[in-house]
Amino acid sequence: QVKWKGKDLFDLVCRTLGLRETWFFGLQYTIKDTVAWLKMDKKVLDHDVPTEEPKTFHFLAKFYPENAEEELVQEITQHLFFLQVKKQILDEKIFCPPEASVLLASYAVQAKYGDYDPNVHKRGFLAQEELLPKRVINLYQMTPEMWEERITAWYAEHQGRARDEAEMEYLKIAQDLEMYGVNYFAIRNKKGTELLLGVDALGLHIYDPDNRLTPKISFPWNEIRNISYSDKEFTIKPLDKKIDVFKFNSSKLRVNKLILQLCIGNHDLFMRRRKADSLEVQQMKAQAREEKARKQMERQCLAREKQMREEAERTRDELERRLMQLKEEATMANEALMRSEETADLLAEKAQITEEEAKLLAQKAAEAEQEMQRIKATAIRTEEEKRLMEQKVLEAEMLALKMAEESERRAKEADQLKQDLQEARESERRAKQKLLEITSKSSYTQSMNSSTTALPTDLPSYNLISESLSFDFKDTDMKRLSMEIEKEKVEYMERSKHLQEQLNELKTEIEALKLKERETALDILHNENSSRGNSKHNTIKKVS
């Protein structure tokens, strides 16, 4: 609406997103290459916004938390910070060392794709994803496939993390980066030396223009008495009056106004964190705990159902495999039975033929014997006839002997065939018995299969009632909560140690592939800080 103030537009965006932690955010626009934020109590169209239509504002985090896990309550707040910080790292507005970039990329993949499944997430599934800063990719002689392999190796270790958990892990790692949450401004001190002013959740920091990682001097918010500006001159008065007042000049009055806005907002949040939570924040944290507990129960229920379903599917697959095996055995038994029946029929036919041949030979032998007797009985008068008759008798005897031998051999062969036929019938009987056993097993398997396949439909379900998750903290609850916090601290330290070992291992692994000539100034500075054992927080303590 034409008459809307900045707060009206801002509230509309927050309601649309369902966002309640509004104090971190603002509507940003750009005017004459300078970033500006929409004022809540001023009409939108009264701001010096660009005249072109449509007018564009960016809904962004204006202030950053000191500890994302403790301060960001709503899931939508965590998600918006995750998206913004990830974009800043990929756009290289926040310096991130290579090994940490790979770890952060693995959490971003977990947040987008869920649990790793080698059957779904095959080689090349990250080919179209922007996961690493271009500076990191150019720094090493590594192919996209080699980067994907290292990201996937860590991605597989995040099994079981929900999207909000993966995004929070991303923020917990990112918040320890030196440039996280810092707004930089070009300034000059009283001597005209060019410097950088950094404004963040911890205080004000002064940097060399070539080193945005390590501040030369820091002013924590609790040690600053007053901040003011007059025209382009900015003044920081420390709480300790013995310390000199720090003055500097910025390039534009507009920049001074922006610096003061960020100082006031960050200082207010700094003091707010050190006080008891407001009723609104307490309510949001209670709701967040209930929601987290509800989601945890849902995930556990789903995990149980998934496990039961997988077991049922494995049982079903095993029964189906067993059924197929039994069907194959039944088919083979049927074939063996048919072959046995065919063999038995052939042997029976052959035995019958052999018996008939044996009878025929026996009949011929009897006829030969009769012929011999008839010849013997016939009296031959002459010697010649006698000799011929003796010769015929001899031949008849030899033929009768051969016939007898052949008859005996045929009889033995018939006995053997009868024995083979008996064995074939015994094989046929055994094959029929095995077929009956397989048929009975198959029917039992089918009944088991039908009962098992129905398992998933009978899985238990749980109705979650939010009223049952109310909290009433007493002394015992506080003691228990303190013990849990101590336990979480120990676990966090162990995880941090393990994480650092993993990061060092990856750094050592890819160090041999680094192209030294492509290192940026920030890479060199980060390596020097790491070799000295300097981190973001202990550096700020040293220079405060």
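Per an unreviewed UniProt entry, the chain is named MERL protein, and its organism is Loxia leucoptera. The UniProt entry for the chain carries the following text under Subcellular location (unreviewed entry): "Cell membrane".

A.B. asks: Could you clarify how one ought to interpret the pairing of strand 8 (residues 224–230) in this entry?
C.D. replies: Consecutive side chains along a regular strand alternate between the two faces of the sheet. Judged from the six bridges that link them, strand 8 and strand 9 (residues 233–238) form a sheet pairing that is antiparallel. Pairing of tyrosine 229 across the sheet is with phenylalanine 234, part of strand 9. Remark: two residues form the turn of the hairpin made by strand 8 and strand 9, two consecutive strands paired antiparallel; aspartate 231 in that turn has positive phi of roughly 60°.

A.B. asks: What's the story with the packing of helix 4 (residues 98–113) against helix 7 (residues 163–174) in this structure? I'm lost.
C.D. replies: Axis angle and axis distance: for two packed helices, these are the angle between their axes and the distance between the axes, and together they describe the pair. Close contact between helix 4 and helix 7 brings their axes to 8 Å; oriented N to C, the two are set at 160°. Between helix 4 and helix 7, the crossing angle belongs to the class labelled roughly antiparallel. As for how helix 4 packs across helix 7, the hand of that crossing is left-handed. Side by side, helix 4 and helix 7 meet where Leu103, Leu104, Tyr107, Ala108, Gln110 and Ala111 of the first sit next to Arg163, Ala166, Glu167, Glu169, Tyr170, Ile173 and Ala174 of the second. In terms of residue class, the contact of helix 4 with helix 7 is built from nine nonpolar, one polar and three charged.

A.B. asks: Is there a simple way to think about the confidence of the model for the chain in this case?
C.D. replies: Close reading of the predicted structure is inappropriate where its pLDDT is low. Here the chain shows a mean pLDDT of 83. Residues at 70 or above account for 88%. Contacts for the low-pLDDT stretch residues 442–474, under 50 throughout, to residues beyond four places or in other chains number 39 contacts.

A.B. asks: What exactly am I supposed to notice about the pairing of strand 6 (residues 203–207) here?
C.D. replies: Burial within strand 6 is extensive, with five of its five residues counted as buried. Summarising the sheet, strand 5 (residues 194–199) and strand 6 pair through four bridges and their orientation is antiparallel. Bridge pairing in strand 6 places leucine 197 opposite isoleucine 206. Here strand 5 hands over to strand 6 after three residues, the two strands then running antiparallel side by side. Across four bridges, the pairing between strand 6 and strand 7 (residues 217–220) is antiparallel. Across the sheet, the residue bridging to isoleucine 206 is isoleucine 217, located in strand 7.

About the criteria used
Residues numbered from 1 in each chain as written. Predicted model: local features only at pLDDT ≥ 70, side-chain atom pairs only at ≥ 80, totals over all residues. Heavy atoms only, no water. UniProt positions renumbered as here; feature names shortened; annotations may be inferred. Pairing = 2+ DSSP bridges. Helix = DSSP H or I, 4+ residues; strand = E, 2+ residues; numbered from the N terminus. Axes fitted to C-alpha atoms, helices over the stretch in contact; angles between N-to-C directions. Parallel < 35°, antiparallel > 145°, perpendicular 65-115°, else oblique. Left-handed = near helix turned anticlockwise from the far one by under 90°. Contact = heavy atoms within 4.5 Å. Nonpolar A, V, L, I, M, F, W, Y, C, P; charged D, E, K, R; others polar. pLDDT = per-residue confidence, 0-100. Buried < 20%, exposed > 50% of the residue type's maximum accessible area, 1.4 Å probe, protein only.

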